[in-house]
Amino acid sequence: MEASQSPTVDRQIRNPESNANSIASVGPLWPTVDGPLGLSEADAVTYARRFYKFGFALLPWLWAVNCFYFWPVLRHRRSFPQIRRYVLGSAIGLTAFTILLCSWALTFAIGGESLFGTSWNQLVMYNLADKWGLTGWD
Amino acid sequence: MAQRQRPRCSLLDSLGEEIVRIVTPVSICMLLVVILVSVLNSSSSSSTSVTTIATIAYSETDSDSSWDKFVGALLNSLVFVAVVTVVTFVLVLLFYLRCTKFLKFYMGFSAFIVLGFMGGQVSLFLIQDYSIPIDCITFFLALFNFAVVGVLAVFMSKMAIFVTQGYLVVIGMLVAYWFTMLPEWTTWVMLVAMALYDLAAVLLPVGPLRLLVELAISRDEDIPALVYEARPVTDHDSGVSSGNQRRVWRERSGSAALNEPENSTDEPNPNPGRVSVSNVETELSAPLIEHRMNMDSQETRGEDDAPGENLALEGIGLGSTGAIKLGLGDFIFYSVLVGRAAMYDFMTVYACYLAIIAGLGVTLVLLAFYRRALPALPVSILLGVLFYVLTRFVLEIFIVQLSSNLLMF
């Protein structure tokens, strides 16, 4: 146990980001929410960038996963500037997309036929499922 | 010698924590399947029989006698187990020929099919039953998001652990729900047949899963399969090294990181945990764990012509960091058992749940004792079936009589 320890072991013995705030101005050690089990900082930049760019293919959920995965980066303002750009972009994109989607979905659900007329019945999912026979197992 | 200020984690704490971390997702999967079964089946009579590989030999009708049903179910199960064996051997062959990319791609494709199509169907059932006024644009967008992120979670080895675990549980739930749509006798006989197959495939020297695991160990590679890996318990007091020390089963000279790409076909491929090795710790090499792999072939829906091949990996073992790994096939078959029990009554659900968790505990104890990949199905399934039969035919009458006469319960 007293044998020489590699630096990574040393880092892991120190508690990850949950106790890092007690150490003044150190910030989180690990950019991901998994702590020592997650990505290293170099890999994290690649992943954050990739998630951010893929999210533009109408994938707000991927942006949400990005924000969740790099939550320590969002929480501590001064840490990991490279990663923070992408994660912040993901968060903004997620909020914008969610507001748009929710407003459309709520308008559709609450407005109903009185707002849309007959096209409501053509757009609602359970009618379309019946029409296309999506739920028939045969 | 460094002194501990306070015993932070005793052996019991860490052992209990690890068991909890594997029992929790199993329980969540079972709970979700029970909820789905009770919500969706109560509203419609499930007389629609699914034509799949599992019912190719005999499709059950209500008018047959019990003996006919039993023989028909036996034929179905034999066909199913045969297909699974063939597919597992194909997997071993492909792995032997190092077609890892193909296997990985197949896994991702299967995950997409399961999450997209089966997830879509289940949500459509829910939407139709409860007349949720969702429009097609939102629905397809949400489904697309869900499926694509699921494929990424299954595909990439370095996604958030929580997201990966969540998606594996969801895949297990969807496949298990699909299996509960098989006729009753076929389901029960198939469960027992799969338990016996599991036992043979992992423990016999000629079993395909054992071959696969040995092949993976000899090459220091990952088996591409779907495996649920619990988060490793870190002992904060002494660092990661002491945590690994307990887990060393075999010392390896080189460090090879085994990733497990998930491999799924139309049906989710459960992947028994692979043995993963060494990590950053230089002084300890990671333990090796072997998992069995089971290939389940499942049929697809009639409208979908593509043959469904599932790589189902079943089995239990230890990962590189010492975390317990459980194949997704185990999740699926446990949930199928509990889902089928839910189709009868909730009393059988409780009995079967306890039986399965007890079986899982026994398997974990055996895992710690034998230190090699073990089949996780036999003990739990056989206990579960036994408890179902006892509860349905013996216990229920007893309890109902007592309750209706206001004696007890």
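As the structure is a computational prediction, the values presented were derived from the model and not from experiment. (Residues numbered from 1 in each chain as written. Chains lettered and ligands numbered in written order. Predicted model: local features only at pLDDT ≥ 70, side-chain atom pairs only at ≥ 80, totals over all residues. Heavy atoms only, no water.)

**A closer look at the confidence of the model for chain B**
Residues and elements named next belong to chain B.
Piece 1. Mean pLDDT over chain B works out to 76, with 71% of the residues at or above the 70 mark.
Piece 2. Least confident of the elements in chain B is strand β2 (residues 294–297), whose mean pLDDT is 31; most confident is helix α9 (residues 328–342), at 94.
Piece 3. Note on residues 237–312: pLDDT is under 50 here. Beyond four places in sequence and across chains, it has 352 contacts.
Piece 4. In the model output, the complex is listed with pTM 0.78 alongside ipTM 0.79. (pLDDT = per-residue confidence, 0-100. Helix = DSSP H or I, 4+ residues; strand = E, 2+ residues; numbered from the N terminus. Contact = heavy atoms within 4.5 Å.)

**Topic: the UniProt feature "transmembrane region" (unreviewed entry) in chain A**
Residues and elements named next belong to chain A.
Piece 1. Under the UniProt annotation, "transmembrane region" (unreviewed entry) lies at residues 54–74 and 86–110.
Piece 2. Taken end to end, residues 54–74 has its terminal C-alpha atoms 19 Å apart, with 71% of it in helix and 0% in strand.
Piece 3. Split by type, residues 86–110 is 100% helix and 0% strand. Its first and last C-alpha atoms lie 35 Å apart. (UniProt positions renumbered as here; feature names shortened; annotations may be inferred.)

**What about the pairing of strand β5 (residues 324–327) of chain B?**
Residues and elements named next belong to chain B.
Piece 1. Taking every second residue as pointing to the same face, both faces of β5 are buried, with I324 and L326 on one and K325 and G327 on the other.
Piece 2. With 3 bridges joining them, strand β1 (residues 227–229) and β5 adopt antiparallel strand pairing. In the strand pairing of β5, Y228 is matched with L326. (Buried < 20%, exposed > 50% of the residue type's maximum accessible area, 1.4 Å probe, protein only. Pairing = 2+ DSSP bridges.)

**Description of the environment of A153 of chain B**
All names here are of chain B.
Piece 1. Position of A153 among the secondary structure elements: in helix α4 (residues 136–155).
Piece 2. Each C-alpha atom, one on A153 and one on L168, is 8.8 Å from the other, the two residues being 15 residues apart in sequence.
Piece 3. Residue contacts for A153: discarding those within four places in its chain leaves M159, V163, T164 and Y167.

**Comments concerning the pattern of salt bridges**
Residue and element names in this part refer to chain B.
Piece 1. On inspection of all chains with the given rule, the structure shows 3 salt bridges over all chains.
Piece 2. Here R210 ties to E214 by a salt bridge, and the two come within 3.2 Å at their closest N and O atoms. Placement of the pair is R210 and E214 together in helix α7 (residues 208–219), with a separation of 4 residues, close to one helical turn.
Piece 3. Residue E214 is classed as partly exposed on the basis of its relative accessible area, which comes to 38%. (Salt bridge = Lys/Arg side-chain N within 4 Å of Asp/Glu carboxyl O.)

**Focus on the packing of aromatic side chains**
Piece 1. Inspection of the entire model under this criterion finds 20 aromatic pairs over all chains.
Piece 2. A centroid spacing of 5.2 Å and a plane angle of 75° characterise the contact between Y52 of chain A and F56 of chain A, whose relative ring orientation is edge-to-face.
Piece 3. Its relative accessible area of 54% is what places F56 of chain A among the exposed residues.
Piece 4. With centroids separated by 5.1 Å and ring planes inclined at 90°, the aromatic side chains of F56 of chain A and W63 of chain A adopt a geometry described as edge-to-face.
Piece 5. Pairwise contacts between aromatic rings join Y52, F56, W63 and Y86 of chain A into one cluster.
Piece 6. Lying over the aromatic face of Y47 of chain A, R50 of chain A brings its terminal NZ or CZ to 5.4 Å of the ring centre.
Piece 7. Above the ring of F155 of chain B, the side-chain terminus of K104 of chain B is found at 5.3 Å from the ring centroid. (Phe/Tyr/Trp six-rings, centres within 6.5 Å; stacked < 30°, edge-to-face > 60°. Lys NZ or Arg CZ within 6 Å of the ring centre and 35° of its normal.)

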